[in-house]
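# Residue-level structure breakdown
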Amino acid sequence: MKTLFKVICIALLVVNFSCNEEHSEDVKAFDTQMKETIKIHDDVMPKLSEINSLISRLKTEKEELQKAESPNTEKIELHEKAIQSLKDSHDLMMSWMQNFSNSFSRTEINEGLATKDKDSIKAKMENLEAQYKSAEEMRTSITDAIENAQVILSK
């Protein structure tokens, strides 16, 4: 009887330990993904001032092109498209930040998950993976828009 009791206790400890270990791995994966997502945001955020500067420069140059004796409509159109692309990228960043802050609490962003519920962890991880993918798309959009504007301004 004592032996059976010991076996049951050991089995419960093993099951409890493996569940905690699995939970721990899920939380670590969440924390790693969160750090990578925040890094994208932190890398892109300073580019918003560059976007605003480029928009201003493009508008000024576009106005000069429009005032020319024989305006180059092709160049003017390129400027307009570049301005719109920069504005769209800026809006995408603002939208992403709003969506991200609505999806995760400050505690989850800064300190990680507090929940131990496996289904909640899974749902949060799926949401975070979607946010990460969206952040990558936002970074690409911003980078491309900036590069395009710089090319137009260098001509």
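Keep in mind it's a predicted model, so treat the numbers as computed, not measured.

This part covers the packing of aromatic side chains. Summed over the entire model, instances satisfying the criterion amount to 3 aromatic pairs. Aromatic side chains W96 and F100 sit 4.8 Å apart centroid to centroid with 15 degrees between the ring planes, which places their arrangement in the stacked category. Here the residue W96 and the residue F100 both occupy positions in helix α3 (residues 73-103), the gap between them amounting to 4 residues, near one helical turn. By relative accessible area, W96 is classed as buried at 4%.

Quick look at the pattern of salt bridges now. Tallied over the full model, the rule gives 6 salt bridges. With its nearest N and O atoms 3.9 Å apart, the salt bridge here joins K28 to E25. Of this pair, K28 and E25 are both found in helix α1 (residues 2-44), 3 residues apart, which corresponds to roughly one turn of the helix. Among the residues examined, K28 registers a relative accessible area of 48% and is labelled partly exposed. A salt bridge links K81 to E77, with the nearest nitrogen and oxygen atoms 3.4 Å apart. With K81 and E77 both in helix α3 and 4 residues apart, this pair spans about one turn of that helix. Under the relative-accessibility criterion, K81 is labelled exposed at 53%.

With that settled, consider the packing of α3 against helix α5 (residues 118-154). As a packed pair, α3 and α5 sit with axes 9 Å apart at the nearest point and diverge in direction by 160 degrees. Relative to α5, the element α3 lies roughly antiparallel. Considering the relative orientation of α3 and α5, their crossing is left-handed. Residues that form the contact of α3 with α5 fall into these classes: 15 nonpolar, 10 polar and 2 charged.

What follows deals with the confidence of the model for the protein. When pLDDT is averaged across the protein, the result is 86; 85% of the residues are at 70 or more. Mean pLDDT values over the elements of the protein span from 68, in α1, up to 96, in α3.

Counting residues in hydrophobic clusters, the biggest one holds 30 residues, and the most contacted among them are F30, I51, L58, L86, M138 and I142. The set of elements that each furnish at least two residues to this core consists of α1, α2 (47-67), α3 and α5. With 12 residues, the top contributor of residues to this core is α5.

Criteria and thresholds
Residues numbered from 1 in each chain as written. Predicted model: local features only at pLDDT ≥ 70, side-chain atom pairs only at ≥ 80, totals over all residues. Heavy atoms only, no water. Phe/Tyr/Trp six-rings, centres within 6.5 Å; stacked < 30°, edge-to-face > 60°. Helix = DSSP H or I, 4+ residues; strand = E, 2+ residues; numbered from the N terminus. Buried < 20%, exposed > 50% of the residue type's maximum accessible area, 1.4 Å probe, protein only. Salt bridge = Lys/Arg side-chain N within 4 Å of Asp/Glu carboxyl O. Axes fitted to C-alpha atoms, helices over the stretch in contact; angles between N-to-C directions. Parallel < 35°, antiparallel > 145°, perpendicular 65-115°, else oblique. Left-handed = near helix turned anticlockwise from the far one by under 90°. Nonpolar A, V, L, I, M, F, W, Y, C, P; charged D, E, K, R; others polar. pLDDT = per-residue confidence, 0-100. Core = buried A, V, L, I, M, F, W, Y, C linked by side-chain atoms within 4.5 Å.

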